[in-house]
Amino acid sequence: MSASRRKLNRTALLGAGVVVLFAVTVLLGSYTVTIPDFFRILTVHLTGGEKIPGASFIVMENKLPRAVLGILIGVAFGLSGGLFQTMLRNPLASPDVIGISYGASAAAVLAIVVFGASGAAVSGAALAGAIGVALVIYAISRGGGRSGGGRSGGGRGNAAGSRLILAGVGIAAALGAVVNFLMTRADIRTASEALIWLNGSLNSANWERVGVLLASLAVLIPVLALLAGPLRMLELGDDAAAGLGIRVNAVRFGLVITAVALAAVATAAAGPVAFVAFLAGPIARRIVGRPSLPASAFTGALIVLAADYFAYNVAPLILSGTVLPVGVITGALGAPFLLWLLVTSNRKEA
């Protein structure tokens, strides 16, 4: 079997896994629904017939939008992380690590605590904060690409990626301090509202949020598809890509803005769900055998769905009824994975 065929089969397997986990999330859990009952509830909802008391609300207003939003958020974070990691050729380059998620968080908390914002205003602030940090990141990456003399573009790209990650850690630390300061200045009610948002949760999932995120992805994914070809050229290095007729700076700017927008709209919908963007790309690469944006998208959806199912259905059984935000579970998964990745990277360099 050829490498491309094997990649396609494994990507399709990840997609099938998303479908299976989606069905598990909707049909099982604290309230179970049989497949015939699900389709009957769905048909009644679409045709405007008489609703089934209790069941229609639980399925159509709770479980189904929650699962759909989980998939969309996972796809957005997975694509964003995969874009950064492929473009910078570094598995540590994800919105979680390089400060973009912290930019969204700081802006959203500022809107909540200082201006009393809620709903769409918080989402807009998160989007603006992420883009603001991204502009700093782009300036760093562009400046790094100008150094290096006669070395190959690949070497300069790796060095720029390392500098970007170090700068991102510093930016994240500074913005984390801003968030902590704002939280100490807020009253208890406002601080608790901000804390709920900061943890990243699907508890506020509804069809309006699904619609906004779906519309955003309907714009961003075609843009990403147009940039996929130049992205493959950039993997060869800046000099090689320029020799093939690629406008390196323009393409990189477009990739950065697209990746930031993907992370920002997902963060605006459910808060900064930790480490999904960071985990999706490397896991997909180990499954597929090479970097793959579709595989990263499916892996991100699998991570969010699995983590939310555990947080919403399994954790209450262990913690005496406590429902955890999905970001707590993904954060618990991401932290040891980050340490493992750092250890293995150090061994390779040694």
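Residues numbered from 1 in each chain as written. Predicted model: local features only at pLDDT ≥ 70, side-chain atom pairs only at ≥ 80, totals over all residues. Heavy atoms only, no water.

Now for the overall build of the protein. Summing up its helical and strand segments, the protein has 13 helices and zero strands in all. Counted from the first residue to the last, the protein has its helices and strands arranged as α-α-α-α-α-α-α-α-α-α-α-α-α. For the protein, whose C-alpha radius of gyration is 21 Å, the value lies close to the compact-globule estimate of 20 Å for 350 residues. Expressed as lengths along the three principal axes of its C-alpha atoms, the size of the protein is roughly 70 × 60 × 40 Å. Of all 350 residues assigned to the protein, the portion counted as buried reaches 50%. Of the accessible surface of the protein, which amounts to about 16300 Å², a share of 67% is contributed by carbon and sulfur atoms. Taking the 25 positively charged and 12 negatively charged side chains of the protein as two groups, their mean positions are separated by 13 Å. (Helix = DSSP H or I, 4+ residues; strand = E, 2+ residues; numbered from the N terminus. Rg over C-alpha atoms; globule rule 2.2 N^0.38 Å. Buried < 20%, exposed > 50% of the residue type's maximum accessible area, 1.4 Å probe, protein only. Areas by Shrake-Rupley, 256 points an atom, 1.4 Å probe, with all protein chains shown as cover. Lys, Arg positive; Asp, Glu negative; His and termini not counted. Charge placed at Lys NZ, Arg CZ, Asp CG, Glu CD.)

Let us look at unusual backbone geometry. The phi angle of most residues is negative, glycine excepted, and most peptide bonds adopt the trans form. Positive phi, close to 70°, is recorded for Phe275, a residue that is not glycine. Within the secondary structure, Phe275 sits in the loop between helix 10 (248–270) and helix 11 (276–288). Residue classification places Phe275 among the buried positions, given a relative accessible area of 18%.

Attention shifts here to helix 8 (residues 207–234). With 28 residues, helix 8 should reach 40 Å at 1.5 Å per residue; the first-to-last C-alpha distance of 38 Å fits that figure. Roughly 40° is the biggest bend found in helix 8, and it falls at Ala228, with proline Pro230 one to four residues downstream. Capping the start of helix 8 is the job of one residue whose side-chain oxygen sits 3.1 Å from the backbone nitrogen of Glu208: Asn206. (Expected span 1.5 Å × (residues − 1). Bend = angle between axes of the 7 residues up to and from the residue. Polar contact = N/O pair within 3.5 Å; in protein donor to acceptor, adjacent residues only side chain to side chain.)

Our next topic: the packing of aromatic side chains. Using the criterion set out here, one finds three aromatic pairs in the structure. Relative to Phe39, the ring of Phe38 has its centre 5.4 Å away and its plane inclined at 70°; by these criteria the two rings are edge-to-face. We classify Phe38 as buried; its relative accessible area is 11%. The class for Phe39 is partly exposed, based on a relative accessible area of 47%. Relative to Phe337, the ring of Phe278 lies with its centre 5.7 Å away and its plane at 75°, an arrangement referred to as edge-to-face. (Phe/Tyr/Trp six-rings, centres within 6.5 Å; stacked < 30°, edge-to-face > 60°.)

All right, on to the side chain of Thr299 then. Note that Thr299 resides in helix 12 (residues 293–318). If we ignore the near neighbours within four places in the chain, the residues touching Thr299 are Leu14, Ala280, Ile283 and Ala284. (Contact = heavy atoms within 4.5 Å.)

With that out of the way, let us pick up the nonpolar core. Membership of the largest hydrophobic core comes to 93 residues, with the highest contact counts inside it found for Ile73 and Phe84. For this core, the element with the highest residue contribution is helix 10, accounting for 14 residues. Discounting chain neighbours no more than four positions away, the residues touching Phe84 are Arg89, Ala93, Ser94, Pro95, Ile98, Ile100, Val256, Ala259 and Val260. If you look at the next biggest cluster of nonpolar residues, it comprises 10 residues, including Val26, Ile41, Ala55 and Leu64. (Core = buried A, V, L, I, M, F, W, Y, C linked by side-chain atoms within 4.5 Å.)

With respect to the secondary-structure elements, Leu255 resides in helix 10. Note: C-alpha distance between Leu255 and Val223 (32 residues apart in sequence) is 9.2 Å. Not counting chain neighbours up to four residues away, the residues in contact with Leu255 comprise Leu83, Met87, Leu227, Leu231 and Leu234.

Remember, this is a structural readout, not a statement about activity or role.
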